[in-house]
Amino acid sequence: MKNITLIILCSFLLLSCGKQAENNKDKNPFVVDILLKTTPVKDQGQGSLCWAYAMLSTIETNHLMQGDSVNLSVDYIARRLFTRQALQNYLSNGKKHFNQRGMASMLIHIIQQDGAIPFDSYYSKDGVNYNILCRKLAMAVKTTHSFADVQSKADAIMDSEIGYMPAPSVHMLGATYTPLEFAHSVCRENEYDNYTSFAHHPFGSRFILETPDNLMNDSFLNLPIDGLMNLIVNRLKNGRAVCWEGDISEPGFDAENGVGEVPEKKVTQEMRQQQFESLKTTDDHCMSIVGMAHDKQGNCYFIMKNSWGTSNRFHGFIYLSYNYVKLKTIAVFL
């Protein structure tokens, strides 16, 4: 009888320890200092449209912080992008390929030219595999022998893969807009600017950032890294989100655990430059910075809203250490 009681007691203790360990794992080890309002975390799937997700998310948060309800369609942006690329692919006889990559600044160009619409107006309930979609579009254009047929073929494929386009008007708060008018209402011309920090160009000047994803040859204002970090922090303190573009290939970047850290205790301009020139810092990913936090030791972290769904430890958010952002930032848009 005593042995049975002992076994039951040990089993209970083991279960309790297991539950406690599980609760500790789920518990957020960070103290949140700033957390801006956000729309729900989205999932870019197998595609490479993080730049569109992140920049739209930044715009959405900035409107939410002003009391506006704005949630924008990435699928609409993708459709406009691939429609243009289909025509370019045809006219270049296949030399200009379909390309999902870009920088956050490219999103601004697209909505200023083609407009924007709300998320609820146009989205695929089952998600879209944009890798497959681009292959289908390329094959369709290759077998098209008339310029007039390019867009109709592209539209038919995108209707099937994404969904039919809604009526060419946006109804919001009792008003009716065209997609272009709606885009200009949520993102004014020249509202956002591009910033970077690299020593191979003079600080205080603008230059065209030499990264493969800068497809529009956009210029960036070059600031010393300490000035750029202060700009990010002050923007967050003033209730504004920041779109971040940088490198996530570091061993310390753990998306599932929701944390990104680097071993460097002090990050200098020279270290940034060396890693950029040796291609250890590359243009890998784009996220929206929506807050700040600190750990038990008082170390500062930035709260990033990612676009890989909600299955990680922090339900789609990632905490990047201050030094990670300082070392691995390619550019910010604010």
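Up top is the structure these notes are about.
Attention here is on the structure that accompanies the text. In this text, all values refer to a predicted model and were calculated from it rather than measured experimentally. (Residues numbered from 1 in each chain as written. Predicted model: local features only at pLDDT ≥ 70, side-chain atom pairs only at ≥ 80, totals over all residues. Heavy atoms only, no water.)

### Structural notes on the overall build of the protein chain
In terms of regular secondary structure, the protein chain is built from 10 helices and 13 strands. Of all 334 residues assigned to the protein chain, the portion counted as buried reaches 49%. Of the contacts formed within the protein chain by residues at least 6 apart in sequence, a portion of 76% connects residues at least 24 apart. Surface exposure of the protein chain reaches about 16,900 Å², of which carbon and sulfur atoms provide 54%. Side-chain charges in the protein chain split into 31 positive and 34 negative, and the spacing between the mean points of these groups amounts to 3 Å. (Helix = DSSP H or I, 4+ residues; strand = E, 2+ residues; numbered from the N terminus. Buried < 20%, exposed > 50% of the residue type's maximum accessible area, 1.4 Å probe, protein only. Contact = heavy atoms within 4.5 Å. Areas by Shrake-Rupley, 256 points an atom, 1.4 Å probe, with all protein chains shown as cover. Lys, Arg positive; Asp, Glu negative; His and termini not counted. Charge placed at Lys NZ, Arg CZ, Asp CG, Glu CD.)

### Brief notes about the pairing of strand E10 (residues 285–294)
Taken residue by residue, a regular strand's side chains alternate between the two faces of the sheet. With respect to burial, E10 is a largely interior element, nine of its 10 residues being buried. Two elements, strand E1 (residues 31–35) and E10, share four bridges in a ladder whose sense is antiparallel. Paired with Val 31 across the two strands is His 294, which belongs to E10. Bridging between strand E7 (residues 242–246) and E10 involves five bridges; their strand directions are antiparallel. When the sheet's bridge partners are listed, Gly 246 is paired in E10 with His 285. Between the antiparallel neighbours E10 and strand E11 (residues 300–305) lie five residues, among them Gly 298 with a positive phi of about 90°. (Pairing = 2+ DSSP bridges.)

### Let's talk about helix H3 (residues 74–91)
A rise of 1.5 Å per residue sets the reference length of H3, with its 18 residues, at 26 Å; its end C-alpha atoms lie 26 Å apart and thus fit the reference within 8%. Val 74, Asp 75, Tyr 76, Ile 77, Ala 78, Arg 79, Leu 81, Phe 82, Thr 83, Gln 85, Ala 86 and Asn 89 are the residues of H3 that are buried. At the N-terminal end of H3, a side-chain oxygen is found 3.4 Å from the backbone nitrogen of Asp 75, two or three residues along, and the residue is Ser 73. (Expected span 1.5 Å × (residues − 1). Polar contact = N/O pair within 3.5 Å; in protein donor to acceptor, adjacent residues only side chain to side chain.)

### Some details on the nonpolar core
Judged by nonpolar contacts, the single largest core of 57 residues is most densely connected at Met 55, Ile 59, Phe 82, Leu 107 and Leu 133. Counting residues per element, the ones that place at least two in this core are helix H2 (50–64), H3, helix H4 (104–114), helix H5 (130–142), helix H6 (147–161), helix H7 (179–186) and strand E13 (329–333). For this core, the element with the most residues is H2, which contributes eight residues. Aside from chain neighbours lying at most four places away, what touches Met 55 is Ala 104, Leu 107, Ile 108, Tyr 192, Cys 243 and Phe 333. (Core = buried A, V, L, I, M, F, W, Y, C linked by side-chain atoms within 4.5 Å.)

### Describing the pattern of salt bridges
Overall, the coordinates contain 12 salt bridges when judged by the stated rule. The residue Arg 101 makes a salt bridge to Asp 213 at a minimum N-O spacing of 2.7 Å. Separated by 112 residues along the polypeptide, Arg 101 in the loop between H3 and H4 and Asp 213 in the loop between strand E5 (206–208) and strand E6 (219–222) bring together distant segments of the chain. A relative accessible area of 32% places Arg 101 in the partly exposed class. According to the relative accessible area criterion, Asp 213 is buried, its value standing at 6%. Arg 206 is the partner of Asp 193 in a salt bridge, and the nearest nitrogen-oxygen pair spans 2.8 Å. Here Asp 193 is found in the loop between H7 and strand E4 (194–196), whereas its partner Arg 206 is found in strand E5, with 13 residues between them in sequence. (Salt bridge = Lys/Arg side-chain N within 4 Å of Asp/Glu carboxyl O.)

### A few points about the packing of aromatic side chains
Working definition: an aromatic ring pair is given by the centre-to-centre distance plus the angle between the planes. A full pass over the atoms with the stated rule returns 13 aromatic pairs. Here the aromatic rings of Phe 253 and Tyr 324 are separated by 6.3 Å at their centres, their planes lie at 45°, and the arrangement is tilted. Of this pair, Phe 253 sits in strand E8 (residues 253–254) while Tyr 324 sits in helix H10 (residues 322–328), placing them 71 residues apart in sequence. Of the two residues examined, Phe 253 and Tyr 324, each falls in the buried class. Ring geometry for Phe 314 versus Tyr 319: centroids 4.8 Å apart, planes at 65°, classification edge-to-face. You can call Phe 314 buried: its relative accessible area is 8%. Through a chain of ring-to-ring contacts, the aromatic side chains of Phe 30, Tyr 301, Phe 314 and Tyr 319 assemble into a single cluster. (Phe/Tyr/Trp six-rings, centres within 6.5 Å; stacked < 30°, edge-to-face > 60°.)

### Details of the packing of H2 against H3
The N-to-C vectors of H2 and H3 enclose an angle of 135°; their axes lie 10 Å apart at closest approach. One way to sum up the angle between H2 and H3 is to call them oblique. Relative to H3, H2 is oriented so that their crossing is right-handed. Counted together, Trp 51, Ala 52, Tyr 53 and Leu 56 of H2 and Val 74, Ile 77 and Leu 81 of H3 form the full contact between these two elements. Counted by class, the contact of H2 with H3 contains seven nonpolar, no polar and no charged residues. (Axes fitted to C-alpha atoms, helices over the stretch in contact; angles between N-to-C directions. Parallel < 35°, antiparallel > 145°, perpendicular 65-115°, else oblique. Left-handed = near helix turned anticlockwise from the far one by under 90°. Nonpolar A, V, L, I, M, F, W, Y, C, P; charged D, E, K, R; others polar.)

### Let's talk about H5
An α-helical turn contains 3.6 residues, so a residue and the one three or four places further along point in the same direction. Helix length check: H5, at 13 residues, gives a terminal C-alpha distance of 18 Å against a target of 18 Å (1.5 Å per residue), a fit within 8%. Listing the buried residues of H5 in full gives Tyr 130, Leu 133, Cys 134, Leu 137, Ala 140 and Val 141. The buried residues of H5 occupy an angular sector of 125° when the element is viewed end-on, so they sit on one face. The outward face of H5, more than 90 degrees from its buried face, is lined by the exposed residues Arg 135, Met 139 and Lys 142. Contacts made by the buried residues of H5 are with H3 and H6. N-capping of H5 is provided by Asn 129, with a side-chain oxygen placed 3.1 Å from the backbone N of Asn 131. (Arc of directions from axis to C-beta.)

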